[in-house]
Every structure is written in structure tokens, then in C-alpha cells.
Amino acid sequence: MVLPPSMHTSCSRDSFFRFLHSNKELIQARREEIKKLTDRMALLQQKLERYMRYGSGAGRFPLRDMLLYVLEFASTKPTPAEPHVKGHTSGMPPVHSRGIVIQTTENDEDAVASSYPEPVDGLYQFPWDPVEIPEYPAPRGVTEDEMSLVMTCLQRWRKEVEQDIQGLQDSIALLEETIELMYVDPSLHQVPYHLHAVLVHEGQANAGHYWAYIYNPPRKSWLKYNDISVTEASWEELERDSFGGLKNASAYCLMYIDEVLFRCAAVENNGYIRREVEALSAELQHYIQEHNWRVEQEMAEWEEEQSCKMAQIEESESSVDSQYLSTDSGQEQSSLSEHGVCALSSEHATIAKDQTAQAIANTADVYEKNGVEAALVEAFHEEYSRLYLLSKETPTPQNDPRLQHVLVYLLQNDAPKRVVERTLLEQFADKNLSFDERSISIMKVARAKLKGIGPDDINMEDYRKWHEDYSLFRKVSVYLLTGLELYQNEKYCEALTYLVYAYQSNMTLLSKGPNRGVDEALIALYRRKCLLKLNDAAATLFESRNQVNVAEGISHLNELIIPCMQLIMSNDMSKDDLDAIEVMRSRWCSYLGKDMDEDLQLKLGDLLPRLLDCSAEGVVLKEPPKIRPNSPYDLCSRFAAVMESIHRASTVTVS
């Protein structure tokens, strides 16, 4: 069953299916009722808006506040004016009289009387002294009866307005709750279902790229199907791509399957699936058989097409090999050695295949006019220019261009020109570029040029080391990001392992140059935070005096905290790290002399010497699970999400 994402508030993995044919009439009635309630709520919102933004001018204010302000004004008693010198009115002579002007229209209608100051001794004077104005606004010349009437009316009106507003707000809240609970009905919760696949689109309405996430029940993991690449993916990555926000991608279709079918698929129960198919009508069974046959035919045709392409590639490789074949055994050994050296560089070419494919696609005109050789030269120079400019961009906390392409890493670290050129040429010689005739032709020429580069042209040992460094850099980046995500999700044990390995490997890179690795201070900061959090948790478990909890706390100390502390002390230690270690040691030393069971005292006596030992000899820390992101875009978007969340100090759910 397929539903558009708009029918779901989130990509829920487990829910109940109400969109069944048997519920059609009931669902239709509920939808009509929701529409009526929504229209009613919109009308009430309009009425409430008139109370909350009252007035006819540009500035509008809540009516109840306006009535309250008038009440405050009416209840304010006028304060007596400040005394002043007798016979002195702010340096102005007294006003003796005031003239009256009658303004009339041509028809002697709408007469308006107005007063104006009359000149006294040649000067115009105000009808009252400004000094006599009260300090705060207050009514003047009002009788008690008038005041009582005004106060009574204002209080009654304000109470009526408050009752109206409260009534509208209560009615709106009730309508919202009714709409929210409209489908909370046992009759609509009889069929549980499970999210099985998510189809994602990246780009605009008229163009873009598609991929799919499909759950594999036997493996209990999500698989990402992106062109010819199939890789494992986490639920967090699926959510990030489905909801968008970091890049121009979002889910456009969600697919669900029956929970029973999902459980059977998890144990590969083919018997159940066969029985379910046999229970269908003959028409549906025929449709399924025909559809399966068409899929098998498409797969067979695709495999045959790929076999033909690979045969052409292998034939081309054989001719190139024979062209450069030498009887010299030394050259043969060199070729075998070179094959091992190029393993990592080929992997980096595969990682960047989408970018290389785009560079080839941009040379369509050159390919048609001038041939394959010119197209390769054009693509090579265009891609080099793009990556060179990318390497010169100023990095930001949320963006590290080195993650996008191996060439950016090489250029930023001033790798030899021959290393850079061969690396880029290998991008165009990647076998995974067999998309069309143009890609295959360019790939053949690139592979032929690679064969022509001998050991005298480039130091292959140096070439291998550069690619090993980039591979280690990506590994450090992945470990760092994974550790930060786990830390923000309060999984401190797992986070610490990743961060420790990231720090140790990063030291190797930074010893070769400042741009070889990642920010050392960032790893150290969160490694320190993890240690303190984990130490507090272990101490709390120890203080519980529960046998199971105590064992868990001591296990954290022996397997993670103490080995990590010893590794930190074996390197150049910062003052912050030293302070953190002293805090952790002090916490455990504070238990000495406290009243506790003999068993706890023995355990404390066993672990304190190791906690206070500065030696790093024999430190063994379990390596974390390996994570290999195949797409640079996934790694870059993940990097942006994690770094942005760190600077905002908020929890993220990407992985």
C-alpha cells in the first residue's frame, strides 16, 4: 500500500492502517465531518481575531486590554499641581480673556465654535498654565455619579469581552481536539502496518535525482538504492533525507506493508507468502504472475546489456595491456605492485563517480564535434578548475570542502602535481562510469592514458601514502561525527569509543601538516565531556550499592574510562584535560573512609591504583564498528547537520 507523505505527520515506522476498502464509507464520513469542523474553526478564528486586533486604524490592539487601560484612567485620582511662586506663571503674564470664533459653511450649517488665546500686552497666552497639568493623566471635573456610571459600564463591558474571548478560545481548542481524535477509533486500528520503503527526490519539479530506502527484515536494517549503488543506511539518514532542510531533497512516496507480512518476511517465511497469494482472486494472481515475469525479463535484458558493456571494456583493456606489455620481469613486478597501490585511489574514484559523471555529461557538445579525446581533455580541465576553486573556498564550521572530493584534500595540502593529475585521471577511468556510449569511450581513453604512466613518471609509494591519508581523514571525520551524534543522544559509552579513535588517528594526520586532519580541539572537547558524563554515571551506579549496578559501573571504568585517561596522559595533555582527570580521580578518592560494605571497599581498593596510574602500557581499547559512507554528499550533509547542532547546542537525530 502506498501513501503520499502529506497523509502522515511523520515517517512513522509502526502504525495502524485505516485506509482500507472496508473503511471507505466511514473514512469518507469522517473526512466530511473534519471539513465542517475546520470551516467552523476558521469562522471562530475570525471572530477571535476581531477581539484580539480591535480598532479601525492602522494600529490595532486587544479589546480587553484597551478597556482595562480606560478603567485604569477612570480610576486614577488627579494629583494637585506643584506649588509655584504667587503672581508668577512661568514668566508669562495672566490671561484676561479668550476670544471665540464661529466657523460656518456656505449654507450656515455645521457651526463649530473654537477658542483661541487672546493677545495680552501684545503677546499670545495659553488658556492655562502648563505647570498645573497633573503628573499622570486623570479625569477632571467629573461627579461621583458620572464616575460610578462610567466605571460600572467599563467593568461590565470588559467582563463580557473576556467571557466572549474565553468562549471562542475554548470552542477552538475543543474543535482542534475533536479533529485530532477523529480517527481514534478501534474499528480503524484493526490492521497494523509497517513502513517498508521511502522514495526520495532531490532537485526541482522538472528535473532531479531519485533514490529509495527499502527495509530488509532479515538483516533488520535499511538499504539505500541509489543508481547502481546499494549501501546500508541508518534510520536517522532516512529521516534527514525524507524531511529535507539541509539539501533540496524530500520523500514523495511512502510504502507500507501489513505487520504480519513484515514479521514473516523477517524470518523469510515463503510458505506464508505463497498461501497469501493463493488466497487472492484469480485475476489478481494472474496480474502478479505477469508483473513478476515482466520484472524478470527486464532484469535479464539489463544483465545482458551490462555483460556486453563489460565485454567491450575488457576487450579494450586487453588491447591496451598488450600495447604496453614488456618482457622485462622487473616491469611486470612493478605493474603488480602498482595494482595494489591503486586500490585506495580507485575507491576514491568510485566515491566521486557522480561528480565525474556530471563532468562527462557537460562535454556532450565537444564529444559530438571533436571526438572522445577532446571530450576527455575538456572534462579533465573543467573538473580540475571546479575542484581548484572549491579548494580555495574559505571553510566554515558547517562546511569542510575536503569531504567533497579527494582532489580538494590534495590541493589544500599542496600534494605534488603528478599525484593530483593521476588522481583526477583515475576518476575518468572508473569502471562504474559505464552509463552510456560517451562515458564508456571516455573511460577507455582515460584507462589507456593511465597505462602510459610508468614508474619513472610518478612515485607510486608517495601516491599511495597520499591516498592512505585521505582515507584516514574520511575515517576520522566519520568517527568524529558518529561520536558527536551519540554524545548528543546521551549514548556516552559508544560516543567515547568513536571519539578516542578519532583523536588518536587524527594525531597521525596532523603530524604531517595542519590541513591533513580535523579540528583537534573539537575532538578533545567532546572526548572530555564524554569522560566526565560517563564517570558520573559510573559513580552513581557504584553509589547505588546494588550488585548489578556496581558491576556495570566498574565495567565502565575498566573498559573505557581508565584506558581513555591513560591514553590522554600519554600524549601532550592540555590543562582542561588535566583538570577533568583530577575531577574524576577526586570523585573516586572521596569514597575512601566512607561507610560501605566490605565487598565495595575491596572493589574500590582494586580500581583506585589503576585510576591513579599514569602509565599507558598495555592499554587496549575496543575499536568501534566501522562505518563507510559511500557518498560524499551524505557525508557533507551529515557534517553540516552535526556542526550546526553543536553551535546551537541542540540534539540532532542524523546519522
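Cut-off values and rules
- Residues numbered from 1 in each chain as written.
- Predicted model: local features only at pLDDT ≥ 70, side-chain atom pairs only at ≥ 80, totals over all residues.
- Heavy atoms only, no water.
- Helix = DSSP H or I, 4+ residues; strand = E, 2+ residues; numbered from the N terminus.
- Buried < 20%, exposed > 50% of the residue type's maximum accessible area, 1.4 Å probe, protein only.
- Contact = heavy atoms within 4.5 Å.
- Core = buried A, V, L, I, M, F, W, Y, C linked by side-chain atoms within 4.5 Å.
- Phe/Tyr/Trp six-rings, centres within 6.5 Å; stacked < 30°, edge-to-face > 60°.
- pLDDT = per-residue confidence, 0-100.
- Salt bridge = Lys/Arg side-chain N within 4 Å of Asp/Glu carboxyl O.
- Pairing = 2+ DSSP bridges.

The next thing to look at is the overall build of the chain. A count of helices and strands for the chain gives 21 helices and eleven strands. Taken over 655 residues, the chain has a buried fraction of 37%. Within the chain, contacts between residues separated by at least 24 positions form 70% of all contacts whose residues are at least 6 apart in sequence.

Here we come to the nonpolar core. Where a protein is soluble and globular, its nonpolar side chains tend to be buried together. With 90 residues, the main nonpolar core has L410, F428, L480, F542 and W588 as its most contacted residues. In terms of residues, this core owes the most to one element, helix 15 (residues 460-488), which gives 13 residues. Residues I34, L67, V161 and I179 belong to the second largest nonpolar core, which totals 21 residues.

Here we come to the environment of E237. Looking at the element boundaries, E237 is found in helix 4 (residues 235-243). Among the residues examined, E237 registers a relative accessible area of 10% and is labelled buried. Note: C-alpha distance between E237 and S637 (400 residues apart in sequence) is 9.8 Å.

A full pass over the atoms with the stated rule returns 14 aromatic pairs. Seen in terms of ring centroids, W222 and W235 are 5.9 Å apart; in terms of plane orientation they differ by 40 degrees. Their pairing is tilted. Here W235 lies in helix 4 and W222 lies in strand 9 (residues 221-226), a separation of 13 residues in the sequence. By the burial criterion, W222 is buried, and W235 matches it. On the basis of an interplanar angle of 35 degrees and a centroid distance of 5.5 Å, the ring pair of F542 and Y591 is categorised as tilted. Highlighted residues: F542 in helix 17 (residues 520-543) and Y591 in the loop between helix 19 (575-589) and helix 20 (598-612), separated in sequence by 49 residues. Note on accessibility: F542 and Y591 belong to one class, buried. Put simply, the rings of Y215, W222 and W235 pair up and form one aromatic cluster.

It is worth spelling out unusual backbone geometry at this point. Note: most peptide bonds trans; most residues except glycine with negative phi. One non-glycine residue, K220, lies in positive phi territory at about 55 degrees. Topologically, K220 is positioned in the loop between strand 8 (208-216) and strand 9. The phi angle at D414 is positive, at roughly 55 degrees, despite the residue not being glycine. Looking at the element boundaries, D414 is found in the loop between helix 12 (406-412) and helix 13 (417-428).

This part covers the confidence of the model for the chain. For any part of a model where pLDDT is low, the fine detail of the predicted coordinates should not be relied upon. When pLDDT is averaged along the chain, the result is 78, and 76% of the positions lie at 70 or above. Throughout residues 84-116 the model reports pLDDT below 50, and contacts reaching past four residues in sequence, or to other chains, amount to 38 contacts.

Before going further, it helps to spend a moment on the pattern of salt bridges. In this structure the tally under the stated criterion is 25 salt bridges. Here E232 and R219 are joined by a salt bridge, their closest N and O atoms 2.6 Å apart. On the criterion of sequence distance, the pair formed by E232 in strand 10 (residues 229-233) and R219 in the loop between strand 8 and strand 9 is long-range, its members being 13 residues apart. Residue classification places E232 among the exposed positions, given a relative accessible area of 51%. The exposure class assigned to R219 is partly exposed, which follows from its relative accessible area of 49%. For the salt bridge of D577 with R528, the shortest nitrogen-to-oxygen distance reads 2.8 Å. With D577 in helix 19 and R528 in helix 17, this residue pair connects regions lying 49 residues apart in the sequence. Relative accessible area serves as the criterion here: at 14%, R528 is assigned to the buried category. Through salt bridges with shared partners, one network takes in R527, R528, D576 and D577.

Judged by how many residues are buried, strand 9 sits mostly within the fold: five of six residues are covered. Relative to strand 9, strand 8 is paired through five bridges, and the arrangement is antiparallel. In the sheet register, I214 faces strand 9, and the bridge partner there is L223. As consecutive antiparallel partners, strand 8 and strand 9 are separated by four residues, and within that stretch K220 has a phi angle of approximately 55 degrees, a positive value. Direction of pairing for strand 9 relative to strand 10: antiparallel, over a ladder of five bridges. The residue of strand 10 that forms the bridge with K224 is T231.

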